[in-house]
Amino acid sequence: MNKHTTQAINALRILATEAIEEANSGHPGIALGAAPTMYTLWAKHLRHNPKNPNFFDRDRFILSAGHGSALLYSTLHLFGYGLSALELKSFRQLASRTPGHPEHGVTPGVETSTGPLGQGFSNAVGFALAEKMLASKFNKSDAEIVDHHTYVLCGDGDIEEGITSEAASLAGTWGLGKLIVLYDSNNITIEGNTATNFTECVLDKFMAMGWQALRVENGEDIEEIDAAITLAKKQTGKPTIIEIKTQIGFGSSKAGSADSHGAALGKDCLAETKKYFNWTAKPFEVPKEVTEHYNEITAGLVAYENDYIRRAKAYKTAYPTEYEEYMALKNPKAPDLENLESFWQFDKTKKMATRTASEIALNRLADLMPTLVGGSADLGPSNKTILKDKGFHSISNPTGRNIQFGIREHAMAAISNGIALHGGFFSYCATFLVFSDYLKHAVRMSSLMGLNVIYIFSHDSIGVGEDGPTHQPVEQVLSFRSIPGVRVWRPSDGVEVAAAYATAYTKEGPTVIVTSRQDLPPVMRTSKEALKGGYILEHSENETPACILMASGSEISLAVEAKKILKESGIDCRVVSMPCMEVFEKQTAKYKESILPNSVRVRVAVEAGSSLSWHRYVGLDGGLVTMDTFGKSAPAEQLFDIYGFTVNNVVETVKKTIKNYKK
């Protein structure tokens, strides 16, 4: 390794540790230990162009060990991504482009938000899957238009997370040969040496899951790292993991210690570290010869995009029809479902479970959108999320649009995020509502990044029946409603299901669609007004009703029937369907007042789930027919009766609420 290369690597280390010192916060250990890996990948292998970071056939790099963000930012700075020294100096500060962990849409060159360990690794499987599906669809024997790798830098913590094993198993099963993981293996986490809790042979485990597994003994040897990456790229039939043995905090007095993991080195230790690397430049400055070295590298990187442009032109000439389809897929757009009348047509003459209505809507959507792909965590026939006649993805059928994730909820959701981030596809995934807890963090990441992923959760409430409380979700709908930016739909019939799908890909952020296992009575007056999240389903006779009945999903029919009985008692009610609180809250104050006028204080909410979602709507004077306990194992009809989800109980609750209000 020549002097200029050595100093180029040290520049990555020093700039990162200076940024951390300036912020007095961050993770210098990985920056000092993994810099040679980062340099080797970015300088010798990564197909990227700093002048156009988003050209479509670029290689994707994902820092799954997101706490090493300072190393990524110093890399982006030196490779000419427009990240200034001032931005490095503003590390972890308000409104900077160098946040504490990499954030999608904030920093050029950052492909996905990472930090929660295992999420980035699993996103990368989604990236690699999307690349393979596109390549399989469009590449010809004499013309390739899709040809890029997905690289991941991860650490011991990533490998320990269960989500990583879930995702790695799928990557091996699917033969994702364009996925290469660089495992920064230093045997140190926050609590110290991993000898007490993490002694497995990682490479053997990955080989058992269908990966090629390589090892680099000296993480300072860039020739050894280079050779391993070169070998990984030659293996196209299976993903590759390269374990690179490094020393956390290399070059500092805290080397090999957890003390270098999650806190600034300190002024004296940083000075000693600079001395170790013979670094004499002023803070946040880079020697001229190092700058020239990086300029030489970056000057040649535009060739990668030029090669892509050349290949695209040749492809267009040879296959003009496929080229137009490919160009459309690069920036897929959702159809205007709101004005497509056939999308809203459902049979209202018979009972129908909303999972069945969802199946109808999803397949209509799939016919309209060739870019829609997804699947379930081994529950497709139950939650009715199989795309008919669209094939099942496998090594032998890489263009199949149904993705069988197996019983791996967490990885499923994170992979779906990766598919959405890659470009070329819209993604959805599904499981039972009660199992959604396994994947909640990935939904949170969907929302943070504004990704249009659809999450379909069937078998809601005690309507699951005999399977008992372990399978009966009570608090899950509330849980998802609590995540900022997530739209949670609990539709009562096919029309409201259609409204959920019609908005899913037209607004930023994820959509959760909660569906029933059991058949529900037809609701005659549902309409496109559902697109507003909440609307008047049954009007009162008077302009100002005596009571407002609010409900969602399977309880809408209870509210409608209760209104009829209350009318016989001289109580004039309005019924409001609230399939999506989040969309309703986005409406104008005038509209919301027209639906829920402040003057009407007698309000009763009905929903077979937690009461906490409804307090802001019923207020201090309102009543609730909800559920704040776990269920029991029994037929659903008995459970609804036991827990008060009956027309009579709704009627009595209204009368009691009116009586209490008059007091």
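One can find the structure itself at the top, above this paragraph.
If you're wondering where the values come from, they're calculated on a predicted model, not measured in any experiment. (Residues numbered from 1 in each chain as written. Predicted model: local features only at pLDDT ≥ 70, side-chain atom pairs only at ≥ 80, totals over all residues. Heavy atoms only, no water.)

A.B. asks: Explanation requested: the sheet that holds strand 10 (residues 454–458) in the structure shown.
C.D. replies: Strand pairing in a sheet is mediated by backbone hydrogen bonds. Such pairs are either parallel or antiparallel. The parallel open sheet is built from five strands, whose spatial order is 8-9-10-12-11. Every interior strand has two partners, whereas the edge strands, strand 8 (372–376) and strand 11 (487–489), have only one. Here the strands of the sheet are splayed against their neighbours by 15° on average, with no regard to which way each runs. Pairing analysis gives three bridges linking strand 11 to strand 12 (residues 511–514), with the strands arranged parallel. Looking at strand 12, one finds that Trp 489 is bridged to Ile 513. Helix 16 (residues 409–422) contacts strand 8, strand 9 (426–432) and strand 10 of the sheet and is inclined by roughly 170° relative to strand 9. (Pairing = 2+ DSSP bridges. Helix = DSSP H or I, 4+ residues; strand = E, 2+ residues; numbered from the N terminus. Axes fitted to C-alpha atoms, helices over the stretch in contact; angles between N-to-C directions. Contact = heavy atoms within 4.5 Å.)

A.B. asks: Explain the packing of aromatic side chains to me, please; I cannot follow it from the model alone.
C.D. replies: The geometry of an aromatic ring pair is captured by the separation of the ring centres together with the interplanar angle, meaning the angle of the planes. For the structure shown, the criterion picks out 26 aromatic pairs. Summarising the aromatic geometry, the rings of Tyr 276 and Phe 277 are spaced 5.1 Å apart at their centres and angled 90° between planes, so their arrangement reads as edge-to-face. The exposure class assigned to Tyr 276 is partly exposed, which follows from its relative accessible area of 49%. On the accessibility criterion, Phe 277 (6% relative accessible area) is buried. Centroid distance Phe 584 to Tyr 617: 6.1 Å. Interplanar angle 70°. Geometry classified as edge-to-face. Here Phe 584, found in helix 21 (residues 581–585), pairs with Tyr 617, found in helix 23 (residues 615–618); they are 33 residues apart in sequence, far enough to count as distant. Every member of this aromatic cluster is reached through a ring pair, and the members are Tyr 39, Trp 42, Phe 61, Phe 79, Tyr 81 and Tyr 294. In this arrangement the basic side chain of Arg 364 is found over the ring face of Phe 346, its NZ or CZ atom lying 4.8 Å from the centre. (Phe/Tyr/Trp six-rings, centres within 6.5 Å; stacked < 30°, edge-to-face > 60°. Buried < 20%, exposed > 50% of the residue type's maximum accessible area, 1.4 Å probe, protein only. Lys NZ or Arg CZ within 6 Å of the ring centre and 35° of its normal.)

A.B. asks: Looking at this structure, how should I read the side chain of Thr 273?
C.D. replies: Inspection of the secondary structure assignment puts Thr 273 in helix 10 (residues 267–276). Accessibility expressed as a relative area gives 0% for Thr 273, which makes it buried. With near-sequence residues (within four places) excluded, Thr 273 lies in contact with Leu 32, Gly 251, Ser 252 and Leu 265.

A.B. asks: Looking at this model, I keep getting lost on the nonpolar core. Mind explaining?
C.D. replies: Looking at soluble globular proteins, one finds that nonpolar side chains tend to be buried together. The biggest cluster of nonpolar side chains holds 80 residues, and the ones touching the most others in it are Leu 372, Tyr 501, Leu 549, Met 550, Leu 596, Val 606 and Phe 645. Element by element, the count of residues in this core is highest for helix 19 (residues 494–504), at eight residues. Setting aside residues up to four positions removed in sequence, Met 550 forms contacts with Val 576, Leu 596, Arg 603, Val 604, Ala 605, Val 606, Trp 614, Tyr 617 and Val 618. Membership of the second largest hydrophobic core comes to 75 residues, among which are Phe 56, Leu 129, Trp 174 and Ala 413. (Core = buried A, V, L, I, M, F, W, Y, C linked by side-chain atoms within 4.5 Å.)

A.B. asks: Just to check I follow, could you spell out the sheet that holds strand 16 (residues 603–606) for this structure?
C.D. replies: An order of 13-15-14-16-17 is seen for the five strands of this open sheet, with the pairing classed as mixed. At either end of the open sheet lies a strand with only one pairing partner, and these are strand 13 (535–538) and strand 17 (623–625). Taking each pair of neighbouring strands and ignoring which way they run, the sheet shows an average axis angle of 30°. Where strand 13 lies against strand 15 (residues 573–577), three bridges are found, and the strand directions are antiparallel. Among the inter-strand pairings, Tyr 535 is bridged to a residue of strand 15, identified as Ser 577. Sheet contacts for helix 20 (residues 556–568): strand 13, strand 14 (547–551), strand 15 and strand 16; angle to strand 15, the most-contacted strand, approximately 175°.

A.B. asks: Quick question: what am I supposed to make of the pairing of strand 12 here?
C.D. replies: Consecutive residues of a regular strand have side chains that alternate between opposite faces of the sheet. Neither face of strand 12 is open: one carries Thr 511 and Ile 513, the other Val 512 and Val 514, and all of them are buried. Two elements, strand 10 and strand 12, share four bridges in a ladder whose sense is parallel. For Ile 454, the partnering residue across the bridge sits in strand 12 and is Thr 511. What joins strand 11 to strand 12 is helix 19, and the crossover it makes is right-handed. (Right-handed = clockwise from strand over helix to strand, strands pointing away.)

A.B. asks: Teacher, can you tell me more about the layout of surface pockets here?
C.D. replies: Gaps left between atoms show up when a probe the size of a water molecule is rolled over them. Here the largest pocket is characterised by a volume of approximately 660 Å³. Residue lining of the largest pocket: 35 residues in total, with Arg 58, His 104, Leu 421, His 422 and Gly 423 positioned closest to the centre. Every element with two or more residues in the lining of the largest pocket is listed here: strand 1 (60–63), helix 16 and strand 9. Counting residues per element, the lining of the largest pocket draws most heavily on helix 16, which supplies three residues. Residue composition of the lining of the largest pocket, grouped by class: 16 nonpolar, 13 polar and six charged. (1 Å grid on protein atoms, 1.4 Å probe; cavity = no way out; pocket = protein on both sides within 12 Å on 5 of 7 lines; lining within 4 Å. Points joined across faces, edges and corners; volume = space filled by probe spheres on them. Nonpolar A, V, L, I, M, F, W, Y, C, P; charged D, E, K, R; others polar.)

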